[in-house]
Amino acid sequence: MHNYVLETERLILRPLTLNDCDAVYKWVSDEDVTRYMVYNTYTSKEQLIKWLKSIENDDDYLFGFVRKDTGDLIGCGSIGQYEKYGDRWGFGYNLRKDQWGYGYATEAAKAMIRFAQKEFGIRRFACSHVEQNKASGHVIEKCGLHFVRYGQFQKLDGTCKMRSMIYEGDLDP
Ligand SMILES: CC(C)(COP(=O)(O)OP(=O)(O)OC[C@H]1O[C@@H](n2cnc3c(N)ncnc32)[C@H](O)[C@@H]1OP(=O)(O)O)[C@@H](O)C(=O)NCCC(=O)NCCS
């Protein structure tokens with residue numbers, strides 16, 4: 001687990017800890033949030049504690065998104081090297097449903113991109129979403145990436161195969 005903390009106009013991005021279990025459960029247990037995510041909907045907090053413990057060993061940079069005005073943890077996302085994107089760094093995000101539509105995902109994704117640029121000199125990025133997930137497409141485009149090709153999405157357990165849209169961008173800080 002890393003120790004980076006990022007700040008944007010409205011958000012603090014910081015590592016997740018086991019203490020975040022109740023807040024994170026609000027979105028990972030919501031089918032409307034998990035529908036187009038690679039993980040399956042969580043049905044118990046025990047399952048979630050396992051995941052929160054496992055992220056210690058992850059190579060990517062996972063951040064919880066905390067609203068500065070309320071102190072609420074409203075979502076999380078990550079950025080890093082993922083095999084499916086080759087030499088590009090990929091990123092992803094999800095938010096509690098009652099926080100959709102306020103620009104938080106775009107603000108957080110841009111902060112993660114800036115972090116990768118400044119901290120690691122990365123400028124080649126990629127991202128993807130299930131074709132139907134138009135909101136995510138807007139976020140990705142607002143971050144400066146453009147559509148390059150279709151791909152295939154599937155959950156981590158191999159189920160739920162759907163067409164995805166893949167985006168790339170060569171972004172300077
Ligand atoms: C995708 C998600 C992160 C977007 O979060 P958000 O904070 O609402 O995103 P933003 O407000 O920054 O931007 C959303 C954009 O999509 C647009 N949008 C929202 N719902 C939409 C819809 N149903 N169809 C088309 N566009 C939509 C918004 O208008 C906005 O674009 P605009 O600024 O050009 O108007 C959020 O909906 C979510 O957590 N979904 C579930 C998890 C998920 O799917 N994550 C992405 C996996 S690839």
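Look above for the structure.
What you see is a predicted model, and the numbers here were worked out from it, not measured in a lab.

## Structural notes on the site of the ligand
Here is step 1 of the chain: Gly101, Gly103, Thr106, Asn133 and Lys142 are the nearest of the 21 residues found near the ligand.
Here is step 2 of the chain: Within the backbone of Gly101, one N or O atom sits 2.6 Å away from an oxygen atom of the ligand.
Here is step 3 of the chain: For the ligand, whose free accessible area comes to 960 Å², the fraction covered by protein is 71%.
Here is step 4 of the chain: Elements with a minimum of two residues in the shell around the ligand: β5 (89-95), α4 (104-120), β6 (124-130) and α5 (134-142).
Here is step 5 of the chain: Here the shell around the ligand gets 6 residues from one element, more than from any other, and that element is α5.
Here is step 6 of the chain: A class-by-class count of the residues in the shell around the ligand yields 10 nonpolar, 9 polar and 2 charged.

## Concerning the nonpolar core
Here is step 1 of the chain: Residues Leu13, Phe65, Ile79, Phe91, Tyr93, Phe125 and Leu145 are the most contacted members of the largest nonpolar core, which totals 31 residues.
Here is step 2 of the chain: Mapped onto this core, the elements with two or more residues apiece are β2 (11-14), β3 (61-67), β4 (73-81), β5, α4, β6, α5 and β8 (162-170).
Here is step 3 of the chain: No other element matches the 9 residues that α4 contributes to this core.
Here is step 4 of the chain: Residues Tyr25, Trp27, Leu52 and Leu62 belong to the second largest nonpolar core, which totals 16 residues.

## A short note on the packing of helix α1 (residues 21-28) against helix α3 (residues 45-54)
Here is step 1 of the chain: Two numbers describe how α1 lies on α3: the axes approach to 10 Å, and their chain directions differ by 110°. The angle between the axes of α1 and α3 places the two elements in the roughly perpendicular class. Of the residues in α3, those in contact with Cys21, Asp22, Val24, Tyr25 and Val28 of α1 are Lys45, Leu48, Ile49, Trp51 and Leu52.
Here is step 2 of the chain: Here the residues of the contact of α1 with α3 are counted per class, giving 8 nonpolar, no polar and 2 charged.

What counts, and where the lines are drawn
Residues numbered from 1 in each chain as written. Predicted model: local features only at pLDDT ≥ 70, side-chain atom pairs only at ≥ 80, totals over all residues. Heavy atoms only, no water. Near = heavy atom within 4 Å. Polar contact = N/O pair within 3.5 Å; in protein donor to acceptor, adjacent residues only side chain to side chain. Areas by Shrake-Rupley, 256 points an atom, 1.4 Å probe, with all protein chains shown as cover. Helix = DSSP H or I, 4+ residues; strand = E, 2+ residues; numbered from the N terminus. Nonpolar A, V, L, I, M, F, W, Y, C, P; charged D, E, K, R; others polar. Core = buried A, V, L, I, M, F, W, Y, C linked by side-chain atoms within 4.5 Å. Buried < 20%, exposed > 50% of the residue type's maximum accessible area, 1.4 Å probe, protein only. Axes fitted to C-alpha atoms, helices over the stretch in contact; angles between N-to-C directions. Parallel < 35°, antiparallel > 145°, perpendicular 65-115°, else oblique. Contact = heavy atoms within 4.5 Å.

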